[in-house]
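Letter by letter, the chains look like this.
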Amino acid sequence: MPADETVSAAAGPSLNDAFARLDPADRLVFLSRSISGPIVFTTSFGLEDQALTHLIAEAGIDCRFATLDTGRLFPETHTVWAATEQRYGIRIQAFYPRAGALEALVHQHGINGFYQSLDARHACCGVRKVEPLDRALAGTAAWLTGLRAGQSGSRQALEFVSYDPVRRLLKVNPLLDWSRDRVAAFVHQANVPYNALHDKGFLSIGCAPCTRAVAPGEPERSGRWWWEQDQTRECGLHLTPDGRLVRTGKPS
Ligand code: SF4
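All of these numbers come straight from a predicted model, not from anything done at the bench.

A.B. asks: So what's going on with the packing of helix H2 (residues 24–34) against helix H3 (residues 47–59)? Which residues, and what values?
C.D. replies: Running from amino to carboxyl end, H2 crosses H3 at an angle of 55°, the nearest separation of the two axes being 10 Å. Classified by the interaxial angle, the pair formed by H2 and H3 is oblique. As H2 runs across H3, the sense of the crossing is right-handed. Contacts between H2 and H3 involve Pro24, Ala25, Leu28 and Val29 from the former and Leu52, Leu55, Ile56 and Ala59 from the latter. Residues belonging to the contact of H2 with H3 are distributed by class as follows: 8 nonpolar, no polar and no charged.

Now the structure itself:
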């Protein structure tokens, strides 16, 4: 638990109000001056995360970079990971699934068991993503993400800054109000390294067996877990234990 948990919880609503008047670069600076605990940015190397990495590096924000290597990522994701570290002179700390939990998961459900049921898919995301994320965020005061409101219907309800009562930290989404086109233009103008799969029709990129390219005009996240119907297709990283996206600005 962060030492300044109470301060962090109370800071959420005022930061949220301030963010509405700032651009993303100034939001990052404002955040770093407003809180005292560690800031962690978890990147999956998607377009938004690459833009955010650039902004953090350019602003010189004191921030730890982390990523979740699930063991099922595309080779292109590893390529842009390496290119990003080289471009910005940073090390992005990798968090891997626990070996014992992974062995038990594969033994129970099979190597591609996530296609068989929603429970099996959630179990896989739990072992490969959610548990490593918990370790990545341990002791963190503020968690930076590249979430945007336009990515899905459920994400439209998110706020710039909210208090996550489960992880007891501030969850911060500096690109919340940017469109995908604006992010793409920024990445190209600033010559930010990006995942080559974006040029092949992949909009949202996660694990290789659970991601596919989408046709022009399809929803951004329709290429993720495409075989699932009528569900909020999230991996669990941004969900509360009861299945909601974290959006409250108040401590509970
Ligand atoms: Fe497993 Fe697919 Fe979730 Fe990756 S996205 S952790 S492979 S179910």
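Read on for the rest.
A.B. asks: Run through empty space enclosed by the protein, naming residues and quoting values.
C.D. replies: All chains considered together, the criterion is met by 3 cavities of 30 Å³ or more. Here the largest cavity defines a volume of roughly 580 Å³. The wall of the largest cavity is formed by 35 residues, among which Ser44, Asp49, Ile205, Arg224 and Leu237 lie closest to the centre. Of all elements in the fold, only H3, strand E2 (64–68) and helix H6 (118–136) reach the threshold of two or more residues within the lining of the largest cavity. Partitioning the lining of the largest cavity into residue classes produces 12 nonpolar, 14 polar and 9 charged.

A.B. asks: Any chance you could break down the sheet that holds E2 for me, citing the residues and the numbers?
C.D. replies: With mixed pairing, 6 strands are arranged side by side in an open sheet as E3-E2-E1-E4-E6-E5. Of all strands in the sheet, those with a lone pairing partner are strand E3 (93–95) and strand E5 (161–164), marking the two edges. Sheet twist, expressed as the mean angle between neighbouring strand axes with direction ignored, is 30°. Sheet topology places E5 next to strand E6 (residues 169–172); 4 bridges connect them, and they run antiparallel. Bridging across to E6, Val161 finds its partner in Val172. Its contacts with the sheet place H2 against strand E1 (39–42), strand E4 (142–144) and E6, and it is angled at close to 165° to E4.

A.B. asks: Requested: an account of the nonpolar core, with residues and values cited.
C.D. replies: Leu15, Leu31, Ile35, Ile56, Leu144, Leu170 and Val172 are the most contacted members of the largest nonpolar core, which totals 42 residues. Looking at which element gives the most residues to this core, the answer is H3, with 5 residues. Excluding residues that lie within four positions of it along the chain, Leu15 makes contacts with Phe30, Leu31, Ser34, Ile35, Val161 and Leu170. Of all hydrophobic cores here, the second largest spans 10 residues; its members include Val40, Ala66, Leu133 and Leu169.

A.B. asks: Please provide a residue-by-residue account of the side chain of Thr53, values included.
C.D. replies: Assignment of secondary structure puts Thr53 in helix H3. Given the relative accessible area of 0%, Thr53 is considered buried. When near neighbours in sequence (up to four residues on either side) are disregarded, Thr53 contacts Phe41, Phe65, Thr84, Tyr88 and Ile90.

A.B. asks: Kindly report on the packing of aromatic side chains, identifying the contributing residues and their values.
C.D. replies: Per the counting criterion, the structure on display carries 8 aromatic pairs. A centroid spacing of 5.5 Å and a plane angle of 20° characterise the contact between Phe45 and Trp81, whose relative ring orientation is stacked. With a gap of 36 residues between them, Phe45 in the loop between E1 and H3 and Trp81 in helix H4 (residues 75–88) connect regions that are remote in the sequence. Trp81 shares its class with Phe45; the two are buried. For the pair Phe74 and Phe202, a centre-to-centre distance of 5.6 Å together with 75° between the ring planes defines the contact as edge-to-face. On the criterion of sequence distance, the pair formed by Phe74 in the loop between E2 and H4 and Phe202 in the segment after helix H7 (180–189) is long-range, its members being 128 residues apart. Taking the relative accessible area as the measure of exposure, Phe202 reaches 13% and is therefore buried. When the ring centre of Trp225 is taken as origin, the NZ or CZ atom of Arg121, which lies over that ring, is 4.2 Å away. The side chain of Arg224 reaches across the aromatic face of Trp225, ending 4.8 Å from its centre.

Rules used throughout
- Residues numbered from 1 in each chain as written.
- Predicted model: local features only at pLDDT ≥ 70, side-chain atom pairs only at ≥ 80, totals over all residues.
- Heavy atoms only, no water.
- Axes fitted to C-alpha atoms, helices over the stretch in contact; angles between N-to-C directions.
- Helix = DSSP H or I, 4+ residues; strand = E, 2+ residues; numbered from the N terminus.
- Parallel < 35°, antiparallel > 145°, perpendicular 65-115°, else oblique.
- Left-handed = near helix turned anticlockwise from the far one by under 90°.
- Contact = heavy atoms within 4.5 Å.
- Nonpolar A, V, L, I, M, F, W, Y, C, P; charged D, E, K, R; others polar.
- 1 Å grid on protein atoms, 1.4 Å probe; cavity = no way out; pocket = protein on both sides within 12 Å on 5 of 7 lines; lining within 4 Å.
- Points joined across faces, edges and corners; volume = space filled by probe spheres on them.
- Pairing = 2+ DSSP bridges.
- Core = buried A, V, L, I, M, F, W, Y, C linked by side-chain atoms within 4.5 Å.
- Buried < 20%, exposed > 50% of the residue type's maximum accessible area, 1.4 Å probe, protein only.
- Phe/Tyr/Trp six-rings, centres within 6.5 Å; stacked < 30°, edge-to-face > 60°.
- Lys NZ or Arg CZ within 6 Å of the ring centre and 35° of its normal.

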